[in-house]
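# A look at the structure
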Amino acid sequence: MSAIIVVGTQWGDEGKGKATDLLADRVDYVVRYQGGNNAGHTVIVGDVTLKLHLVPSGVMYEHVTPVIADGVVIDPGVLLTELDQLVDQGLDPSKLRISGNAHVIMPYHLELDRLTERHLGRQKLGTTKRGIGPAYADKASRVGLRVQDLYDMKIFRQKLDTVLKERNAVLSRVYNRLPMKAADIETEYAVYAERLAPYIADTGTLLHDALDQGQAVLLEGAQGTLLDLDHGTYPFVTSSNPVAGGALTGAGLGPDRITQVIGITKAYVTRVGAGPFPTELGAEGASAASHDIAERMTEVGGEYGTTTGRRRRVGWFDAVLARYARRVNGLTEQFLTKLDVLSQFDVLRVCRAYRYQDSEFEHFPPHQSIIHRAAPIYEELPGWGTEITEVEHYADLPKPAQAYVDRLEELTQVPVRWVSVGPERRQTLERD
Ligand code: IMP
């Protein structure tokens, strides 16, 4: 029995798709446990590039059963489009299993996500506008519709009528929008229900039994530790729990099942949307040199969102965040991604602590105001001055690149077991 959690240690986009894809070889189930189609995984195998938002990347493997678990919010239209795309690419998604307890994203969630962001103006969070926050808010308010409700249309309509009455009042009276019609939504969702029916399962029991039978389960988080609703940079976070604990509630498993917690860590840091980012480069008012480094990091790293296409904010590696991620997730090892993006720089900076007023913070500051004003304390490491994308063995990496990895490991106190030097599956170096 083994259940492995894969979790992002920064603000998402660490390259979890690649790590999951690599590990999928060794597992029987790949499970999405939270989030929705705000996430995006890019998986490249040979000539095929897949951009997945909801379906776990394990779908690439015939031997893997992909699972969308209880903690996920599902936009059924988006999911069906993704399944159609997989079929077009010659893949067979028929093994996908979806929890009946997962919540459904409704048209008013999308509308309200857009409207509230606009209403917030300069205070906006920069959400992906996919209805994620409003769907989770309804779940917590106990007025959400679940996947299982799609299979009792009488109940579905009753629940919809109740919630829509209130949502329509908000849409029309607060935002001056046309109210939505329950009958239209019912018709649309009845079609989704029919198409999704073969995939619905009791995924909690499925995973529990699989583990009892000695099979291996990979639980893949979306987003990252600092976007966690409870442990991230609130309110600039997503509305679910990407951290390792979220894997347990999201999939319905107990902590005794977990054998490994792998943190996916980018060799530098990125973030999309608003919120504090102590090591950010090229921020408003930054020096020309800082803008130049940011520009090069973004371009070489291809740092544009998979879901929204937005340009990601970029910055130097932040060991304070990494240490926090270790603590919050109980990381047992790390998968370091995108080391090759740093090959272009002569000197690399790594943030070892923050300074705020007269204090130094080695650990993540407990108050939001400090995080917003924290200044990074950097140490400098030499670059390696050569491309590393074709390196096949870790020992063949230039010595300064190995020294960079060693230093990150020292600062974060979590062993780095894999280092990725390019987007393709073969460009992953396993350390002994
Ligand atoms: P939401 O999840 O769409 O509500 O957006 C809330 C915050 O999380 C925003 O800052 C988004 O940019 C961010 N976010 C959501 N999903 C991802 C992701 O997959 N990668 C990076 N940031 C994300």
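Thresholds, definitions, all that
- Residues numbered from 1 in each chain as written.
- Predicted model: local features only at pLDDT ≥ 70, side-chain atom pairs only at ≥ 80, totals over all residues.
- Heavy atoms only, no water.
- Domains from an automatic or database assignment.
- Contact = heavy atoms within 4.5 Å.
- Buried area = accessible area lost by both parts, 1.4 Å probe.
- Salt bridge = Lys/Arg side-chain N within 4 Å of Asp/Glu carboxyl O.
- Polar contact = N/O pair within 3.5 Å; in protein donor to acceptor, adjacent residues only side chain to side chain.
- Helix = DSSP H or I, 4+ residues; strand = E, 2+ residues; numbered from the N terminus.
- Nonpolar A, V, L, I, M, F, W, Y, C, P; charged D, E, K, R; others polar.
- Pairing = 2+ DSSP bridges.
- Axes fitted to C-alpha atoms, helices over the stretch in contact; angles between N-to-C directions.
- Parallel < 35°, antiparallel > 145°, perpendicular 65-115°, else oblique.
- Left-handed = near helix turned anticlockwise from the far one by under 90°.
- Near = heavy atom within 4 Å.
- Areas by Shrake-Rupley, 256 points an atom, 1.4 Å probe, with all protein chains shown as cover.
- Buried < 20%, exposed > 50% of the residue type's maximum accessible area, 1.4 Å probe, protein only.

Taken domain by domain, the protein consists of domain 1 (3-100 + 200-263), domain 2 (103-195) and domain 3 (264-430). Just the C-alpha atoms count here: the centres of domain 1 and domain 3 sit 24 Å apart. Taken together, the contact pairs 42 residues of domain 1 with 43 residues of domain 3. In total, about 3,400 Å² of surface goes out of reach between domain 1 and domain 3, with carbon and sulfur atoms giving 57% of it. One can count two salt bridges joining domain 1 with domain 3. The salt bridge partner of Asp-13 is Arg-312, with a shortest N-O separation of 3.3 Å. For the pair domain 1 and domain 3, the number of links is 24 residue pairs in polar contact (both at pLDDT 80 or more). Every element with two or more residues in the side of domain 1 that touches domain 3 is listed here: β1 (2-8), α1 (16-23), β3 (41-45) and β11 (258-266). Ranked by residue count, the leading element in the side of domain 1 that touches domain 3 is α1, at six residues. Residue composition of the side of domain 1 that touches domain 3, by class: 19 nonpolar, 16 polar and seven charged.

Let us now look at the sheet that holds strand β14 (residues 313-315). Strand order in the open sheet formed by three strands is β12-β14-β13, with antiparallel pairing between adjacent strands. The two strands at the open ends of the sheet, each matched to only one other strand, are β12 (269-271) and β13 (280-281). Summarising the sheet, β13 and β14 pair through two bridges and their orientation is antiparallel. For Glu-280, the partnering residue across the bridge sits in β14 and is Gly-315.

The interhelical angle for the contact between helix α2 (residues 76-88) and helix α6 (residues 182-196), taken along N-to-C directions, is 40 degrees, at an axis separation of 10 Å. With respect to α6, the element α2 is oriented oblique. Considering the relative orientation of α2 and α6, their crossing is left-handed. Note on element contacts: α6 touches α2 through Tyr-189, Tyr-192, Arg-195 and Leu-196, opposite Pro-76, Gly-77, Leu-79, Leu-80, Leu-83 and Asp-84. Class assignment of the residues belonging to the contact of α2 with α6 gives a composition of seven nonpolar, one polar and two charged.

Right, let's talk about the site of the ligand for a bit. In the vicinity of the ligand there are 15 residues, among which Asp-13, Asn-38, Thr-128, Thr-238 and Arg-310 approach most closely. One of the side-chain nitrogen or oxygen atoms of Asp-13 is found 3.2 Å away from a nitrogen atom of the ligand. Within the contact set of the ligand, an oxygen atom lies 2.6 Å away from a side-chain nitrogen or oxygen of Thr-238. Here the ligand, which alone exposes 470 Å², has 96% of that area covered by the protein. For the shell around the ligand, the per-class residue count stands at six nonpolar, seven polar and two charged.

This paragraph deals with the pairing of strand β20 (residues 416-420). The buried fraction of β20 amounts to four of the five residues, a majority that puts the element mostly inside the structure. Both strand β16 (residues 333-337) and β20 contribute to a ladder of three bridges, which runs parallel. Counted as the bridge partner of Phe-335 is Trp-418 from β20. Pairing analysis gives three bridges linking β20 to strand β21 (residues 428-430), with the strands arranged antiparallel. Of the residues in β21, the one forming a bridge with Val-419 is Leu-429.

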